[in-house]
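Fold and contact review
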2 protein chains.
Amino acid sequence: MARVVYANSRLRVHRDEVVRPDGQIGSYDWVDVPDQVRVAAFLGTDLVLIDQHHYLVGRTLQLPGGNVEQHEDAHTAAQRELWQETGCHGGSWASHGELVPLPGLSPSKVHLWSASDLTPGNAEPEPSEADLRVVRVSLADAHVAVLDGRVGCAASAALILALPRALA
Amino acid sequence: MARVVYANSRLRVHRDEVVRPDGQIGSYDWVDVPDQVRVAAFLGTDLVLIDQHHYLVGRTLQLPGGNVEQHEDAHTAAQRELWQETGCHGGSWASHGELVPLPGLSPSKVHLWSASDLTPGNAEPEPSEADLRVVRVSLADAHVAVLDGRVGCAASAALILALPRALA
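Residues numbered from 1 in each chain as written. Chains lettered and ligands numbered in written order. Predicted model: local features only at pLDDT ≥ 70, side-chain atom pairs only at ≥ 80, totals over all residues. Heavy atoms only, no water.

**Section: the overall build of chain A**
Each helix and strand counted, chain A has three helices and 10 strands in total. When the helices and strands of chain A are listed from N to C terminus, the series reads β-β-β-β-β-β-β-α-β-β-β-α-α. Along the three orthogonal principal directions, the C-alpha set of chain A runs to about 55 × 35 × 30 Å. Counting every position in chain A, which comprises 168 residues, the buried fraction comes to 52%. (Helix = DSSP H or I, 4+ residues; strand = E, 2+ residues; numbered from the N terminus. Buried < 20%, exposed > 50% of the residue type's maximum accessible area, 1.4 Å probe, protein only.)

Now the structure itself:
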C-alpha cells in the first residue's frame, strides 16, 4: 500500500507499506521532489560557477542548474537553466550520468552535464534569483574551491572533481 | 513567520514567510531532516564501500555512514556508523568538511570524514540493513566506480574523488 500523506507545491511526502530485508513489515516515508540538473559549462578553458545566497544554507558556489520541469527531459532542462542563469547557449554537450543527493529519503536525481564551445549571452534569472552572480574560474581554481568547502552543493562538487577524467 | 506544516518520524516540513532577493514577499517551504555522515575508511590501502539495495534507488555503492542522531556530534556519528556497518574501529580520523545534498530544499548537511589505521571487527548492522555487504577496493577502483556511475550517493562520490588531494 502506498499513499501520499502530505503535499505542497514543492514536494510530496509518501508513506509506503514495505517488507524490510529482514522480513519485518513496516512503513517507509519518503519525499518526492523534481529531479535536478547541474552543468559544467566551459567558456574557453574557464568553468562557469554561480555565486549566490541560498535561503537555507547562506552563500555558496555551485554549478549552474535547477529543477527539471514537468514534460522536460534532463538535457533540455540543463540547456534552459544554463541559459537562464548565465546567458550561455549553443555548444557541445555531454552527459556525465546522475547522482542521488539523499538516497534514503528521496529517489530524486541530479543529472550531470558538461558543455563546451558555448556562446555567451544575456542571463535571464528568475525573480527569486536576482542576487545570482556568474563567476568564471580555471578548472584548477574550481577544484581548490571544492576542497576548501566553498562549493556547498554535493552534486556540483562531485562533477567538478570528476571533470578532468570525465572530459578526457 | 515560520511554522511546521507537516511532521513524521523522519522529517519536518516547514513553511517560512520570506522576503525574496527582489523584495517580493512569499513563502518558502523546506524540509528538516537529520544531518548525515559519510566516511572514507581505509583498511591498509583499500577503501571500504557499502554495496546495498536501497528501497528508493535500487542497488548502489556508497561510503559507510548514516544519520547523525540527536545529542550526537558528527565525529561520534561517523565512528558509530562505521563500526555498525563494517566493524572497523579505532584508527586516525580527519574531517573533510561538509556538503549540502539539496541546498534549495533542506539545510541538512553531510559531514565528510576519513579514517585510516583502522582495526577490523564484526559489523552490527541494523535490521533494516540486513542485506548490507562490505567491499574493499583500491582507491583507483573506487574512482572508476564513481566515474562509471556505480556510486549513486552524491556526497560519497565527491569525497572519493577528493581523496588523493584531501589526504595528501
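**Some thoughts on the confidence of the model for chain A**
For chain A, mean pLDDT is 93; residues scoring 70 or higher make up 98% of the total. Across the whole predicted complex the pTM is 0.94, and at the interface the ipTM reaches 0.94. (pLDDT = per-residue confidence, 0-100.)

**Quick notes on the environment of Gln79 of chain B**
Here Gln79 of chain B lies in helix H1 (residues 74–86). Residues Gln79 of chain B and His89 of chain B lie 10 residues apart in sequence; the distance between their C-alpha atoms is 7.0 Å.

**A look at the sheet that holds strand S3 (residues 25–32) of chain A**
Across a sheet, strands are paired by hydrogen bonds formed along the backbone, either parallel or antiparallel in direction. Residue and element names in this part refer to chain A. In spatial order, the strands read S1-S2-S3; together these three strands make up an open sheet with antiparallel pairing. Either end of the sheet is taken by a strand with one partner, and the two such strands are strand S1 (2–7) and S3. Sheet twist, expressed as the average angle between the axes of neighbouring strands with direction ignored, equals 25°. One ladder, built from five bridges, connects S1 with strand S2 (residues 12–19); its direction is antiparallel. Looking at S2, one finds that Arg3 is bridged to Arg15. (Pairing = 2+ DSSP bridges. Axes fitted to C-alpha atoms, helices over the stretch in contact; angles between N-to-C directions.)

**Examining the side chain of Glu81 of chain A**
All names here are of chain A. Tracing the sequence through the fold places Glu81 in helix H1 (residues 74–86). Overall, Glu81 belongs to the buried group, its relative accessible area being 3%. In terms of polar contacts, Glu81 uses its side chain to reach the side chain of Arg80, at 3.1 Å. Not counting residues up to four positions away in its chain, the partners in contact with Glu81 are Val37, Gly65, Gly66 and Asn67. (Polar contact = N/O pair within 3.5 Å; in protein donor to acceptor, adjacent residues only side chain to side chain. Contact = heavy atoms within 4.5 Å.)

**Considering the pattern of salt bridges**
Residues and elements named next belong to chain A. A full pass over the atoms with the stated rule returns 16 salt bridges over all chains. Between Arg150 and Asp148 there is a salt bridge, with its nearest N and O atoms 3.1 Å apart. On the basis of relative accessible area, Arg150 is assigned to the partly exposed category, the value being 43%. By relative accessible area, which is 52% here, Asp148 ends up exposed. Three or more residues are tied together by salt bridges with common partners; here these are Asp51, Arg59 and Arg133. (Salt bridge = Lys/Arg side-chain N within 4 Å of Asp/Glu carboxyl O.)

**Thoughts on the layout of surface pockets**
If you add up the space inside the largest pocket, you get close to 1,300 Å³. What lines the largest pocket is a set of 41 residues, and nearest its centre among them are Tyr28 and Gly104 of chain A together with Arg10, Asn67 and Ser128 of chain B. Looking at the lining of the largest pocket, the elements with two or more residues in it are S2 and S3 of chain A together with strand S4 (36–43), strand S5 (46–54), strand S7 (65–67) and H1 of chain B. For the lining of the largest pocket, the residue count by class is 14 nonpolar, 15 polar and 12 charged. Empty space within the second largest pocket amounts to approximately 1,200 Å³. Lining of the second largest pocket is provided by 37 residues; of these, Arg10, Asn67 and Ser128 of chain A together with Tyr28 and Gly104 of chain B occupy positions nearest its centre. Where the lining of the second largest pocket is concerned, the elements lending two or more residues are strand S4 (36–43), strand S5 (46–54), strand S7 (65–67) and H1 of chain A together with strand S2 (12–19) and strand S3 (25–32) of chain B. Taken together, the residues of the lining of the second largest pocket sort by class into 12 nonpolar, 13 polar and 12 charged. (1 Å grid on protein atoms, 1.4 Å probe; cavity = no way out; pocket = protein on both sides within 12 Å on 5 of 7 lines; lining within 4 Å. Points joined across faces, edges and corners; volume = space filled by probe spheres on them. Nonpolar A, V, L, I, M, F, W, Y, C, P; charged D, E, K, R; others polar.)

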